[in-house]
Amino acid sequence: MTIQGCLIRMKFDLRISPLDLSQTLGCGQAFRWRLQSDGSWVGPLADQLIKLKRTGHVIHVDANPGGSRAKRLVLDHLRAQDDVGEIQRTLAIDPVLAPGISQMRGLRIVKTNEWETLVSFILATYANIPRIMKMVETLATRFGDPIAEGVNSFPTLDRIRRVPRSDLESCGFGYRAKYIHEVSRRLDEDQIGGMKDLSYIELRKKLMELPGVGEKVADCVSLFGFGKLESFPIDVWMERALARLYGRRGSYLRLREFAQERFGQYAGYAQEYIYHNERTRAHDGVCAFTRN
DNA sequence: GCCCAGGAGTGTG
DNA sequence: CACACTCATGGG
């Protein structure tokens with residue numbers, strides 16, 4: 001251990017199965033994980049910089065600064081308590097999904113910080129993932145606190161609230177800047193805490209009262225930020241996929257009702273499988289699913 | 001210059 | 001309800 005200012009490193013191993021780091025951390029659920037040249041993934045969780053690297057069945061974790069919190073942060077983020085095998089067996093009843101799931105066994109839904117997720121997906125409206133990552137990084141660089149060399153924490157709600165509107169508008173966020181500013185002004189930590197007790201439907205409705213939060217953003221925040229696995233976010237990729245795979249078209253409401261009926265309480269996992277497949281298919285032309 | 005991107009807000013039929 | 005239009009910005 002080196003003690004140099006706040007730099008106290010900590011290493012430990014975890015066994016989380018199934019888990020594919022690239023499928024889980026590189027598919028647009030969280031925006032601050034970076035693939036390193038050695039195959040590891042590095043990103044901030046709360047005030048700690050975490051490195052994850054797989055060797056065989058073991059995930060090596062390197063936390064900086066270290067502490068007993070690091071293990072809890074990683075386990076919570078990767079939702080280690082989820083029985084992903086059971087979820088997959090349930091969803092694989094769908095003959096369209098079954099062959100694709102077998103290729104995405106290690107894709108897990110992550111649990112991200114509520115406030116960070118809300119802000120990130122407000123920024124995500126009508127942007128692509130590289131740009132979303134860039135905008136989120138800009139917020140951290142300009143308003144977050146340094147936690148490691150070159151890496152800042154995501155700014156808290158209280159911090160963003162104190163940022164002048166003109167400073168947010170100089171970040172290159174376009175029309176999204178005023179949403180972030182206004183949402184920080186309307187919310188406080190207690191309200192976010194209260195949202196954790198709401199049902200998915202209640203939470204969704206509450207989130208959609210916020211400016212810049214429509215159905216899709218509310219569903220992403222519900223799924224990733226609040227762990228509502230029945231949420232089924234529908235973006236342009238999902239619209240295309242649902243049309244192609246299931247012949248389903250129409251309004252958000254209609255597609256959402258279809259998803260609830262077809263995928264039920266684990267619709268969020270079905271969404272990630274379909275979304276991930278649709279994006280990789282656009283890249284390599286291979287579809288893992290069979291059409292309905 | 002074109003088009004698109006993990007859309008939302010507003011107004012209209 | 002559904003639909004059309006506008007809203008800023010960056011990258012292919």
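Residues numbered from 1 in each chain as written. Chains lettered and ligands numbered in written order. Predicted model: local features only at pLDDT ≥ 70, side-chain atom pairs only at ≥ 80, totals over all residues. Heavy atoms only, no water.

Q: Report on the protein's contact with DNA strand C, specifying residues and quantitative values.
A: Around DNA strand C sit Tyr126, Arg131, Lys134, Gly172, Gly174, Tyr175, Arg176, Ser251 and Leu253, and that is every residue in its neighbourhood. Taken together, the sugar and phosphate atoms account for 65% of what DNA strand C places within 4 Å of the protein. Contact between DNA strand C and tyrosine 175: a sugar or linking oxygen at 3.5 Å from a main-chain N or O atom of the residue. The residue inventory of the surface near DNA strand C, partitioned by class, reads three nonpolar, three polar and three charged. (Near = heavy atom within 4 Å. Polar contact = N/O pair within 3.5 Å; in protein donor to acceptor, adjacent residues only side chain to side chain. Nonpolar A, V, L, I, M, F, W, Y, C, P; charged D, E, K, R; others polar.)

Q: So what's going on with the packing of aromatic side chains? Which residues, and what values?
A: Counted according to the given criterion, the structure contains eight aromatic pairs. Pairing phenylalanine 232 with phenylalanine 263 gives two aromatic rings, centres 5.7 Å apart and planes at 20 degrees, and the pair type is stacked. Of this pair, phenylalanine 232 sits in the loop between helix 12 (215-225) and helix 13 (236-246) while phenylalanine 263 sits in helix 14 (residues 252-263), and the two are 31 residues apart along the sequence. Comparing phenylalanine 232 with phenylalanine 263, the two get one shared label, buried. Clustering of aromatic rings is evident, with ring pairs tying together Phe232, Tyr246, Phe258 and Phe263. Seen from the ring of tryptophan 237, arginine 279 lies directly overhead, with NZ or CZ sitting 5.8 Å from the centre. (Phe/Tyr/Trp six-rings, centres within 6.5 Å; stacked < 30°, edge-to-face > 60°. Helix = DSSP H or I, 4+ residues; strand = E, 2+ residues; numbered from the N terminus. Buried < 20%, exposed > 50% of the residue type's maximum accessible area, 1.4 Å probe, protein only. Lys NZ or Arg CZ within 6 Å of the ring centre and 35° of its normal.)

Q: Residue-level account of the domain arrangement of chain A, with values.
A: Each assigned domain of chain A is listed with its residue range as follows: domain 1 (12-81), domain 2 (114-225) and domain 3 (236-284). The gap between the C-alpha centroids of domain 2 and domain 3 is 25 Å. Listed per partner, the contact involves nine residues of domain 2 and seven residues of domain 3. With both chains or domains summed, domain 2 and domain 3 bury close to 610 Å², and 54% of this area falls on carbon and sulfur atoms. Its largest share of buried area at the contact with domain 3, domain 2 owes to Ile129, Glu215 and Leu223, together 51% of the area lost on that side. (Domains from an automatic or database assignment. Contact = heavy atoms within 4.5 Å. Buried area = accessible area lost by both parts, 1.4 Å probe.)

Q: Summarise the protein's contact with DNA strand B; cite the residues concerned and give the values.
A: Near DNA strand B you find 29 residues, and of these Tyr126, Asn128, Ile129, Lys216 and Gln271 are the closest. When the atoms of DNA strand B within 4 Å of the protein are grouped by moiety, sugar and phosphate amount to 58% of the total. One of the backbone nitrogen or oxygen atoms of asparagine 128 is found 3.2 Å away from a sugar or linking oxygen of DNA strand B. Sorting the residues of the surface near DNA strand B by element identifies helix 12, helix 13 and helix 15 (267-284) as the ones contributing at least two each. For the surface near DNA strand B, the residue count by class is 16 nonpolar, seven polar and six charged.

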